[in-house]
Amino acid sequence: MKNISAWAIRHPVTPIVLFVVLFFLGTVAFIRLPINLNPDVSFPAVDVNISQPGAAPQEMETQIAQKVEGSIASIGNIHHQQTRISEGNVLIIVEFNIGTPIDRAVTDVRDAIARVRADLPQGILEPQVQREDSDGGTFAIYAVTTTNMTPEQLSWSIDNTITKRLLGVRGVAQVQRHAHPATVW
């Protein structure tokens, strides 16, 4: 079988039958492919909130955040970790790789905090570890402004034109309009 193309030209029935069979199997597989109107688009993430009333941000960083971050970093499957520090509060958001079971991720983060709990200051409140739910949330947010219409005309245009067109797009299930007063900068 040195030259497959020459063989296929001399014996055209076999490649044609193979093509027809593969085409038929591909068509059947495509038709039977399940379609989910609400697919699981959750990103496994865990929030860690640690408070120490009255503590300065520098203290929160050195005495709490660095120790907890180091302990959490030893957990596997972490995609991204972000820390926000303010006066008296540390918020650590740990995003895991997609496919990581969220319940296990929460347990792993709690265990990581328990390992360094004795090294944290005594005045902190009990660390709060909870999963971050992103299922069913807003997928896209748009802002509409104009200088040519009154607020009432803009509202009518959004309700009767833009919303109807968006709902006509395949895959769009819901459109909500929230009116906010104009802000002048």
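Rules and cut-offs
- Residues numbered from 1 in each chain as written.
- Predicted model: local features only at pLDDT ≥ 70, side-chain atom pairs only at ≥ 80, totals over all residues.
- Heavy atoms only, no water.
- Salt bridge = Lys/Arg side-chain N within 4 Å of Asp/Glu carboxyl O.
- Helix = DSSP H or I, 4+ residues; strand = E, 2+ residues; numbered from the N terminus.
- Pairing = 2+ DSSP bridges.
- Axes fitted to C-alpha atoms, helices over the stretch in contact; angles between N-to-C directions.
- Patch = residues over 30% accessible without salt bridge, like charges linked within 9 Å, V, L, I, M, F, W, Y side chains within 5 Å.
- Areas by Shrake-Rupley, 256 points an atom, 1.4 Å probe, with all protein chains shown as cover.
- Core = buried A, V, L, I, M, F, W, Y, C linked by side-chain atoms within 4.5 Å.
- Buried < 20%, exposed > 50% of the residue type's maximum accessible area, 1.4 Å probe, protein only.
- Contact = heavy atoms within 4.5 Å.

A.B. asks: Honestly, the pattern of salt bridges in this entry has me stumped. Any pointers?
C.D. replies: Oppositely charged side chains can form a pair if their charged atoms are brought close together. Tallying each qualifying case throughout the model produces 3 salt bridges. A salt bridge links Asp103 to Arg131; its shortest N-O distance comes to 3.7 Å. Here Arg131 lies in strand β4 (residues 128–132) and Asp103 lies in helix α4 (residues 102–116), a separation of 28 residues in the sequence. Residue Arg104 is joined to Asp108 by a salt bridge in which the shortest nitrogen-to-oxygen separation is 3.6 Å.

A.B. asks: What should I look at first to understand the sheet that holds strand β1 (residues 45–51) in this one?
C.D. replies: Strand-to-strand pairing in sheets goes through backbone hydrogen bonds, with the strands running parallel or antiparallel. Strand order in the open sheet formed by 4 strands is β2-β3-β1-β4, and the pairing between neighbours is antiparallel. Only two strands of the sheet have a single partner each, and these edge strands are β2 (78–86) and β4. Shown here is a sheet whose adjacent strand axes are inclined to one another by a mean of 15°, direction ignored. Inspection of the sheet shows β1 paired to strand β3 (residues 89–96) by 7 bridges, in the antiparallel sense.

A.B. asks: Any chance you could explain a nonpolar patch on the surface here in plain terms?
C.D. replies: Taken together, the side chains of Val13, Val17, Leu18, Val21, Leu22, Phe24, Leu25 and Val28 make up a nonpolar region of the molecular surface, amounting to roughly 750 Å² of accessible area. As for its placement among the helices and strands, Val21 is situated in helix α2 (residues 13–31).

A.B. asks: I'm lost on the nonpolar core in this one. Help?
C.D. replies: For soluble globular proteins, the rule of thumb is that nonpolar side chains tend to be buried together. By size, the foremost hydrophobic cluster in this structure holds 24 residues, and its most contacted members are Val46, Val48, Ile64, Val68, Ile72 and Val109. Contributions of two or more residues to this core are made by β1, α3 (57–73), β3 and α4. When residues no more than four places from it in sequence are discounted, the contact partners of Val46 are Ile92, Ile93, Val94, Phe96, Ile102, Ala105, Val106, Val109, Val129, Gln130, Arg131 and Glu132.

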